[in-house]
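Observations on the three-dimensional arrangement
Listed here are the chains, written in short residue letters.
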Amino acid sequence: MTLGISKSWIALFLFVAFVPPGAGAQDWPHWGADLGGKRFADVSGLTPQAVAGLEEAWRYRTGDSTDGTGYFGNPSSFKSTPILVADRLIFTTPFNRVVALDPVTGDVLWRFDPDVDFTIEYSEMFTSRGVAAHVAPDIPAGTPCHARVFLGTLDARLIAVDAATGTRCAGFGKAGEVDLTSGIRGVRRGEYSVTSPPIVVNGVVVVGSSIGDNGAARLEDGTVRGYDALTGELVWSFNPVPKRSSDPGAENWPDESYRQTGAANVWSVMAADAERDLVFLPTSSPSPDFFGGKRPGDNLHANSVVALKATTGELVWAYQIVRHDLWDYDLASQPLLADIDIDGVSTPVVAQATKMGFVFVLHRETGEPIHPVEERPVPVSDVPGEAAARTQRFPAIRLHEIDRDLPPIFPVDDAHVAKCEEMLEGARYEGIFTPPSLDGTVLFPGNPGGVNWGSMAVHEAAGVAVVAVNRLPTLVKLIPRREFRHRRKEGMLNGVEAEFTAQSGTPFGMARFELFNDASGFHCLEGPWSTLVAIDLASGETLWEVPAGRRPGIDDDHPAADWGYFANGGPVVTSGGLVFLATQYDRMLRAYDLRNGNVVWSKSLPAGPQATPMVYERHGEAYVVLTLGGPTAAGGCGDLVVAYRLPGD
């Protein structure tokens, strides 16, 4: 659908219509294009009129894929977005290996293997979203490690290698690496990892962690640390969960409940404003995800955007998005930094998309909301020992209905309806913040959805952000401890296989499953299931919304044809007025006109894309590159990097 014309739409139309040919050229030096995660490429040749000339330039096979045989049944995934630095296209494979390619030809320049032990099963097996880079001003150009690449590994190491050669930077830490388990309490084998690239700002490399956070109440700390980018020496550390009564926010944790939890870590990608010396942390839920009786209170600074001084780790401000999280509503998206014209004034903002499908737009220097935020009463918990937050924050930008009943069951056929009714039997749903229950609670749009780590993109000159929004509801049920072992052994919940985790140290284990009927191959509930949305960041207005992807095997007249399907990665935007989004299950890369959401180009892919594309320019020619690690047409998992090129004039 397309909504009314706004000032941002007019500005965008004029900008795209009259952008001069060949205006600008750009590398892609950071995971999100720049430190602020804009996912914007100043490659003006990529326009709605010219994109038809985009053709495959080269493809590269990593050799790093598996169907799970020999790896605890875990098939590989390829979630890395490459960066372009030192004239090298650099990315990670599912096995944490780093590869550098020639950006024009796709030829291999070097490979680096950190030798991660894959006889261990990691909680985020094969997840590696990429690397960060830093050009050291104090090291002469042409000498080793003048430009260096930082890799965080599944076995919790931070490694620095030379961007030119792929050899270790010996002066960083010990033999080029830092042990990130040092100083972290009770590290469990395979449960404490790094799955997203760190961020480097003003000579400090800042790194978070991924924690398997449903196993117990007291888990590893979600400490975020800053290291000297040259030496690897620890510069500062910040724990979102207080450690002592004098720590910031400790008064928000009654009876020192911070001692009974862990996590609240930053597993996704951070953003930074080097000029203001700020780094922005998207924190996650405290452990465990679905029962908070051991951690009463709002649990500040979990589920928050936290702004720190990048060079010192000093807390500048924090804005809590979800209080006392009971839904696994981690802040999965990278914060988006932009300067937006609001009432004629250029305003520095940080926009945070969420799993709930909300977008909070905050002033970058203070954390104050730009748009009104409502405090609304939310449902209470009926679980003994649990005290859910009484109110939650509802921003002006909400990308789907949240106060209605669940969508109806999709009437594929009688068998599908009957199976989905069984899956939903007895479940509670009273809105987006309905707490988990002993009878089962539906989470909508679901903890995988709303907006996950694919994040947003922005055309800053027009003030327009673009985001893929998923609706993949899940059902979660708390199970009393005396019943949990037996129920987990059975492995079934409401007639389907479910994931069971212990939540040790609490009175309840947990089971959950997605509301998807394997027998019919359809979601239980009617769509839309996934959409691509354009937003005016200044006004909060939705400019247009179109389907993102399509379920394989259905044609144009099918009822679900316009409901989208699932977008794993996120969008990128070009100065010429295109949005690129890749969708996994239909194995497609599409280009959309930024002015109206119309698809102006599409390409069938040899394997499913699981990451966000990136865009750059070389010798007057534009390139769109993405990694492909999902299912191939012939079966198995992909191991491809594919580049599409638009020839210059």
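Look above for the structure.
To keep things clear, this report deals only with the structure shown in the data block.

Procedures and definitions
Residues numbered from 1 in each chain as written. Predicted model: local features only at pLDDT ≥ 70, side-chain atom pairs only at ≥ 80, totals over all residues. Heavy atoms only, no water. Helix = DSSP H or I, 4+ residues; strand = E, 2+ residues; numbered from the N terminus. Rg over C-alpha atoms; globule rule 2.2 N^0.38 Å. Buried < 20%, exposed > 50% of the residue type's maximum accessible area, 1.4 Å probe, protein only. 1 Å grid on protein atoms, 1.4 Å probe; cavity = no way out; pocket = protein on both sides within 12 Å on 5 of 7 lines; lining within 4 Å. Points joined across faces, edges and corners; volume = space filled by probe spheres on them. Nonpolar A, V, L, I, M, F, W, Y, C, P; charged D, E, K, R; others polar. Pairing = 2+ DSSP bridges. Disulfide = S-S within 2.5 Å. Axes fitted to C-alpha atoms, helices over the stretch in contact; angles between N-to-C directions. Salt bridge = Lys/Arg side-chain N within 4 Å of Asp/Glu carboxyl O. Contact = heavy atoms within 4.5 Å. Core = buried A, V, L, I, M, F, W, Y, C linked by side-chain atoms within 4.5 Å.

Within the chain, the secondary structure is distributed over three helices and 46 strands. Taking 649 residues into account, the globule formula puts the C-alpha radius of gyration at 26 Å, and the chain, at 23 Å, falls close to it. Projecting the C-alpha coordinates of the chain onto the three principal axes gives extents of approximately 70 × 60 × 55 Å. Taken over 649 residues, the chain has a buried fraction of 63%.

For the rest of this paragraph, the subject is empty space enclosed by the protein. Applying the stated criterion across every chain yields a total of five cavities of 30 Å³ or more. If you trace the largest cavity, you find 16 residues lining it, with His30, Trp31, Ala132, Pro198 and Ile199 closest to the centre. Breaking the lining of the largest cavity down by element, the ones donating at least two residues are β7 (132-135) and β12 (199-201). Here the lining of the largest cavity is composed, by residue class, of 12 nonpolar, three polar and one charged. Considering only enclosed or pocket space, the second largest cavity measures out at about 60 Å³ in volume. As for the second largest cavity, its lining consists of 13 residues, of which Val194, Ser196, Gly208, Val266 and Ser268 are closest to the centre. Counted by class, the lining of the second largest cavity contains seven nonpolar, six polar and no charged residues.

The buried count for strand β19 (residues 304-309) comes to five of six residues, which makes it a mostly enclosed element. Examined bridge by bridge, strand β18 (residues 278-282) and β19 share five bridges and lie antiparallel to one another. Looking at the pairing, Val279 lines up with Leu308 of β19. Relative to strand β20 (residues 315-320), β19 runs antiparallel, the two sharing five bridges. Bridging across to β20, Ala307 finds its partner in Trp317. What sits between the antiparallel neighbours β19 and β20 is a turn of five residues, in which Gly313 has the positive phi angle 80°.

Right, let's get into the state of the cysteines. Enumeration according to the criterion identifies two disulfides in this entry. Here Cys145 is linked by a disulfide to Cys169, with a sulfur-sulfur distance of 2.0 Å. Handedness of the Cys145-Cys169 disulfide follows from its S-S torsion of about -105°: it is left-handed. A residue pair is termed long-range when its members are at least 10 positions apart, and Cys145 in the loop between β7 and β8 (147-152) and Cys169 in the loop between β9 (157-162) and β10 (177-179) qualify at 24 residues.

So, on to the sheet that holds strand β15 (residues 224-228). The four strands are arranged β12-β13-β15-β16 in an open sheet whose pairing can be described as antiparallel. Of all strands in the sheet, those bounded by a partner on one side alone are β12 and β16 (234-238). Ignoring which end each strand starts from, the neighbouring axes of this sheet average 20° apart. Where β15 lies against β16, four bridges are found, and the strand directions are antiparallel. Within the sheet, the bridge partner assigned to Tyr227 lies in β16 and is Leu234.

The peptide bond linking Leu300 to His301 adopts the cis configuration, its omega dihedral lying at 5°. Going from Phe444 to Pro445, the amide bond is cis rather than trans, its omega being 15°. Unlike most non-glycine residues, Ala175 shows phi in positive territory, near 55°. Turning to its location among the elements, Ala175 is positioned in the loop between β9 and β10. Judged by relative accessible area, which is 49%, Ala175 ranks as partly exposed.

The next thing to look at is the pairing of strand β21 (residues 336-342). Of all seven residues in β21, five are buried; the element is thus mostly enclosed. One ladder, built from seven bridges, connects β21 with strand β22 (residues 345-353); its direction is antiparallel. Bridge pairing links Ile342 to Val345 in β22. Once β21 ends, the chain turns through two residues before running back antiparallel as β22, passing Asp343 with a positive phi of about 55°.

Attention now goes to the pattern of salt bridges. Taken as a whole, this structure holds 34 salt bridges when the rule is applied. Residue Arg276 is joined to Asp273 by a salt bridge in which the shortest nitrogen-to-oxygen separation is 2.9 Å. Overall, the relative accessible area of 7% leaves Asp273 in the buried class.

Now for the environment of Leu628. Among the structural elements, Leu628 can be located in strand β45 (residues 621-632). Through-space distance from the C-alpha of Leu628 to that of Ser77 is 8.5 Å; in sequence the pair is 551 residues apart. If we skip the residues at most four places from it in the chain, Leu628 touches Phe78, Leu605, Pro606, Ala607, Gly608, Pro609, Gly638, Asp639, Leu640 and Val642.

Turning our eyes to something else, we now look at the nonpolar core. Ranked by size, the top nonpolar core spans 39 residues in total, and within it Leu46, Leu54, Trp58, Phe580 and Leu589 carry the most contacts. Contact partners of Leu589, with chain neighbours within four places excluded, come to Phe580, Leu581, Ala582, Trp601, Ser602, Lys603, Leu605, Pro613, Val624, Leu626 and Tyr644.

Attention now moves to the environment of Val200. Mapped onto the fold, Val200 is located in strand β12. Counting along the chain gives 277 residues from Val200 to Lys477, while the straight-line C-alpha distance between them is 40 Å. Once residues lying within four places of it in the same chain are set aside, the contact partners of Val200 are Leu35, Ala132, Ala133, His134, Phe150, Val205 and Ala229.

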